[in-house]
Amino acid sequence: MRREGFRYWPGPVAGLAERKAGGYVVDDVEWARRYGYGRSFDIAAEKARRSHPNITYSEALPEKQRVRYSRALDGDFDDTLTVELPSGGSVRTPRTGCYAEARGQLYGDYPTWFRARKTVTSLTPLYVPRILRDERLVTAVTAWSHCMKDSGKPFESPDDIRRQRARLTKGMSESQARKAESALAVTEAECSRKTSLGKIARALEKEYRERALREHSEAFTTYQRMRMSALERAGNL
């Protein structure tokens, strides 16, 4: 970006605690007590989107410079790589720009990495519906639901909580919302531990994901090899 005449600041990297947010079910009681459903992470991410130096810097540029900045960073969308996804549809990305150049340096071959990564990371829609229908998960969710009801939190499934989360804290102050979400998340985690729902869900995801990956073994092998090579390059930097 400096070579193109602009400034650029690396964005924040999610820590371990933040990466635990957004899973199918919360089953870490201490994490739930401290973070609830990750509300503080959502707020911090939104703040970063509005006030990160890259945002304020680019928005302060004259219009023509702002267009140049965007093209220098993101590349030319008239010259793109396209990948057909196993789950249907396609995704494309510019071949040029500083993002593409940096990823090419890190992974060794940007087009190959992009195709392998998008193939491997787009398999979720192929196997998640099967997991949700698996009798092992259905039985665990039913037991979890009974536990939640006995604890005074009548929800049918973790997804049921996610769907109602905004409604449950509507009209509350920020501190009230955090307290309410934390209490609910702790109950969810306790019931998940009692019924082994989290453990069963993770085991099923591993099982079904491995089946899906076997059908795309070449892309998966390439993806893993390039990630390991990139890790070594990053360490050397």
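In this report, we go over the structure that sits alongside the text. Everything numeric in this text was worked out from a predicted model, so none of it was measured.

Summing up its helical and strand segments, the chain has 13 helices and two strands in all. In terms of overall dimensions, the chain has C-alpha extents of about 60 × 45 × 35 Å along its principal axes. Within the chain, contacts between residues at least 6 apart in sequence are counted, and of these 67% link residues at least 24 apart. When the accessible surface of the chain is summed, it comes to about 15,000 Å², and 51% of that surface belongs to carbon and sulfur atoms.

Further remarks concern the pairing of strand E1 (residues 80-84). As judged from the five bridges shared by E1 and strand E2 (residues 90-94), these two strands associate in the antiparallel manner. Within E2, the position partnered with threonine 80 by the bridge is proline 94.

The next point concerns the nonpolar core. Counting 43 residues, the largest nonpolar core has Trp113, Leu137, Trp144, Met148, Ile161 and Leu197 as its most contacted members. Among all residues touching isoleucine 161, those that are not within four sequence positions of it are Tyr37, Trp144, Met148, Phe155, Leu184 and Glu188. Judged by nonpolar contacts, the second largest core, of eight residues, contains Met1, Tyr69, Ala72 and Cys98.

The tally for this structure, following the rule as stated, stands at nine aromatic pairs. Among the aromatic residues, those joined into a ring-pair cluster are Phe6, Trp9, Tyr57 and Tyr69. Looking at arginine 211, its charged tip hangs above the ring of tyrosine 208, at a distance of 4.6 Å from the centre.

What follows is about helix H10 (residues 158-168). When H10 is considered as a whole, its buried residues turn out to be Pro158, Asp160, Ile161 and Gln164. The arc enclosing the buried residues of H10, seen along the axis, measures out at 125 degrees, which places them on a common side. Projecting away from the buried face of H10 at angles above 90 degrees are the exposed residues Arg163 and Ala166. Buried positions along H10 lie against helix H9 (135-150), helix H11 (174-195) and helix H12 (197-214).

What counts and how
Residues take numbers from 1 onward in each chain, read along the sequence in its written order. Since the coordinates come from a predicted model, pLDDT governs what is reported: local features require at least 70, and pairs of side-chain atoms require 80 or more to be given and counted, while whole-chain, interface and lining totals use all residues. Water and hydrogen atoms play no part in the side-chain values, which are based on all heavy atoms of the structure. Each helix corresponds to a stretch of at least 4 residues labelled H or I by DSSP, and each strand to a stretch of at least 2 residues labelled E; elements are numbered beginning at the N terminus. Contacts are assigned to residue pairs that have any heavy atoms within 4.5 Å of one another. For every accessible area listed, the method is Shrake-Rupley and the probe measures 1.4 Å; residues are considered covered only by the protein chains on display. A strand pair is defined by DSSP finding two or more bridges across the two strands. Side-chain atoms within 4.5 Å are what join buried Ala, Val, Leu, Ile, Met, Phe, Trp, Tyr and Cys residues into a set we call a nonpolar core. Relative accessibility under 20% of the residue-type maximum defines a buried residue, over 50% an exposed one, and the middle range a partly exposed one, all with a 1.4 Å probe and only protein chains included. Two aromatic rings from Phe, Tyr or Trp, using only the six-membered ring of Trp, form a pair when their centres are within 6.5 Å; if the ring planes differ by under 30 degrees the pair is stacked, by over 60 it is edge-to-face, and anything between is tilted. Criterion for a charge above a ring: Arg CZ or Lys NZ at most 6 Å from the ring centre, at most 35 degrees from the ring normal. For this quantity, the arc is that covered by the directions from the helix axis to the C-beta atoms.

By themselves, these are just geometric observations and shouldn't be taken as functional.
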